[in-house]
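Survey of secondary and tertiary structure
As a plain string of letters, each chain reads:
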Amino acid sequence: MLLIEIFELLLLGVIGGGVFFWWRQSRAHRQNEALLNSKLVAVTQSSRQTGDNIAHDLRTPLTRLRADVEGALRHDDVEMHRATLERVLDEIQNMQNIINALLTLGQAEVGVMNVRKKTVNLSGLLEELIELYIPSAEDRSLTLQGNIAPDLTIEADRQLLARIFANLFDNELKYVPAGGTILLTALARGKRVEIRVEDDGPGIPVEMRDKIFERFARLDPSRTLSGGAGLGLSLVKAFAQLLQGEICVAESSLGGAAFILTLPVSAAKVSKLSPKSAVARL
Amino acid sequence: MKLLIIEDDESAAKLLGNGLVEAGFSVDLAHDGETGLRQARDGDHDLWVIDVMLPGRDGLSVLKALRDQGRRTPALILSALGEVDERVQGLRSGGDDYVVKPYAFVELLARIEALLRRVRSFGSGPETMLELADLRMDLLSRSVTRSGQEIDLQPREFHLLEYLMRHAGQVVTRTMLLENVWEYFFDPQTNVVDVHISRLRQKIDKSFATPLLHTVRGSGYILRVEP
Ligand SMILES: Nc1ncnc2c1ncn2[C@@H]1O[C@H](COP(=O)(O)OP(=O)(O)O)[C@@H](O)[C@H]1O
Ligand SMILES: [Mg+2]
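The sections below set out a description of the structure shown in this document. Along each chain, the written sequence defines residue order, and numbers are assigned to residues from 1. Lettering for chains starts from A, numbering for ligands starts from 1, and both go in the order in which the items are written. Under the rules for a predicted model, residues below a pLDDT of 70 receive no local features and side-chain atom pairs below 80 are neither given nor counted, while totals for whole chains, interfaces and linings still include all residues. Water and hydrogen atoms play no part in the side-chain values, which are based on all heavy atoms of the structure.

One frequent convention defines the size of an interface as the accessible area lost when the parts assemble. By definition in these notes, contact holds between two residues if any of their heavy atoms fall within 4.5 Å. At the junction of the two partners, chain B supplies 29 residues and chain A supplies 33 residues. Put simply, buried area is how much 1.4 Å-probe accessible surface two parts lose in total, over both of them, once they are put together. Interface area, chain B with chain A, both sides summed: about 2,800 Å², of which 50% is carbon and sulfur. Among the residues chain B hides against chain A, the three largest losses belong to Leu81(B), Tyr184(B) and Phe186(B). Together they make up 21% of the total. Whenever Lys or Arg places a side-chain nitrogen within 4 Å of a carboxyl oxygen from Asp or Glu, that contact is recorded as a salt bridge. On inspection of chain B and its partner chain A, the count reaches five salt bridges. In this structure, Glu128(A) and Arg156(B) form a salt bridge, with 3.9 Å as the shortest nitrogen-oxygen distance.

The α-helix winds at 3.6 residues per turn, so residues separated by three or four positions along the chain end up facing the same way. Residue and element names in this part refer to chain B. Among all positions of helix H2 (residues 33–42), only Gly 33, Gly 36, Leu 37 and Ala 40 are buried. Angularly, the buried residues of H2 cover 100° about the axis, an arc narrow enough to put them on a single face. With a side-chain oxygen lying 3.2 Å from the backbone nitrogen of Glu 34, the N-terminal cap of H2 falls on Asp 32. Here's how the labels work: a residue is buried when its accessible area is under 20% of the maximum for its type, exposed when over 50%, partly exposed in between, all with a 1.4 Å probe on protein chains only. Strands here are runs of E lasting at least two residues and helices are runs of H or I lasting at least four, both read from the DSSP assignment and numbered beginning at the N terminus. Picture the helix axis, draw a direction to every C-beta atom, and the arc is the one those directions span. Throughout this description, a polar contact denotes any pair of N or O atoms lying within 3.5 Å of each other; where both atoms belong to protein, one of them has to be capable of donating a hydrogen while the other can accept it, and for residues adjacent in sequence the pair is counted only when both atoms sit in side chains.

All names here are of chain A. As for its placement among the helices and strands, Leu 231 is situated in the loop between strand S5 (192–199) and helix H7 (232–242). In this structure Leu 231 comes out as buried when scored by relative accessible area, which is 4%. Remark: the alpha-carbon pair of Leu 231 and Ile 212, spanning 19 residues in sequence, is separated by 9.1 Å. Among residues more than four places away in sequence, those in contact with Leu 231 are Ile 98, Ala 101, Leu 102, Leu 105, Arg 215 and Phe 216.

What follows deals with the nonpolar core. Leu161(A), Phe165(A), Ile195(A), Phe259(A) and Leu161(B) are the most contacted members of the largest nonpolar core, which has 99 residues in total. Considering each element in turn, this core owes the most residues, nine residues, to helix H6 (residues 158–175) of chain A. Setting aside its immediate chain neighbours within four residues, Leu161(B) contacts Leu135(B), Met137(B), Val144(B), Leu153(B), Leu200(B), Ile204(B) and Leu223(B). Only buried residues count toward a nonpolar core. Its members are Ala, Val, Leu, Ile, Met, Phe, Trp, Tyr and Cys residues joined through side-chain atoms within 4.5 Å. Residues Leu37(B), Ala40(B), Leu54(B) and Leu66(B) belong to the second largest nonpolar core, which totals 19 residues.

This is the structure:
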């Protein structure tokens, strides 16, 4: 079956993609070889720590894929083959998402990611994001509300900011049961802004509050096709740090989880640079 | 319509080429920057698909050389995740577009068609009225009617419908809508676009005999009269 061969090729491509990416990356930055080497060492180290998880996370869908394809090959039923190929494509997309998230994380953590800081109308951006998510929240019988101080402006990267809140909202919509409430609050605190995303859902147990920001950490460890891989909050944390901000989770007065993000109003005025963010400036 | 694909991975180029031939295009292939540059310069392609990372001369430098020679053919850039930087994003202001590898074929096809369409409508002057069957959008008074009946849209819904009407008859993907209507260059996990589309559909289609806003399974949406 030629089709199946093509899909096996595709699959190899997805897996090879990660390795290939760094190879290309190194070609692109040959002029910065020394700098790049130090970055690559950092990436390799950080990915080595989670190597077992990556292998596990890719082996699980691979096992499913293999069984599915082998099962289809035992038959000559065109309709069954079609259904199999559709599942294969979903799994490939799923694996691609994991690989993309890991690459983005690697880039964000060692500072090779592009950060375009500009003056952002934070109040406006948060209102827009709420507007973007309200219909999806309503579809799940959730109430999404904003309590946003007017005229908050900060120096930050609009796309990174939006990705932080999109990831938090994605979680709210997944983990807060129907009928629940999600509240976003934003206010100025001196030279920083504080933005809280909180809910009346199940919350995060105290002993897990640091842990859930780690790669692949989930309260429910079972990994289904639709459930996430446990990389969303790792991305949120990495993006917050790229913007010289901090994120933590606490118990909300609503009864569920409260994700609290603080960001400097003017990132340029933050003088203390960690070695990682020093790299980001080069 | 004739396309040139400059992509060094020969089997990827061939698979992509096959797909585009099936979609009705004729396709030339080049596997390195210098060859691609020569073929683009000597050919009469309607659009170039250019991979960023090419052996010898990279894709953006090929494109720049062509632009410096005054060639205005639209280009679609294929780039890896880490290569989407200012240079690549800056392309959008020049009327070009990019997709991140590994891309979905339908995404690439939709963007090729959008780019070709943009070129065709170039020079026709700013429009003040968009029309499809009995659906009319007045861009000056910012009002929408269907069969003469006023339709009340939120500002974002107006923007969404405007984008769909400007691309009527053509598949637009969720990612294209996020980028062009909301200006977000990432895909959220939640199906946010689908829900906005279904709300818009309620307003423009529900009480009328002919639906105009259709879902294309596995691809995105299309606004047209035919089902
Ligand atoms: N608002 C929330 N309420 C309860 N649990 C949450 C909430 N947000 C995140 N979590 C928990 O934290 C885990 C990690 O979240 P994340 O890193 O986004 O990964 P994912 O959503 O892919 O599982 C989730 O699996 C979930 O168990
Ligand atoms: Mg998540």
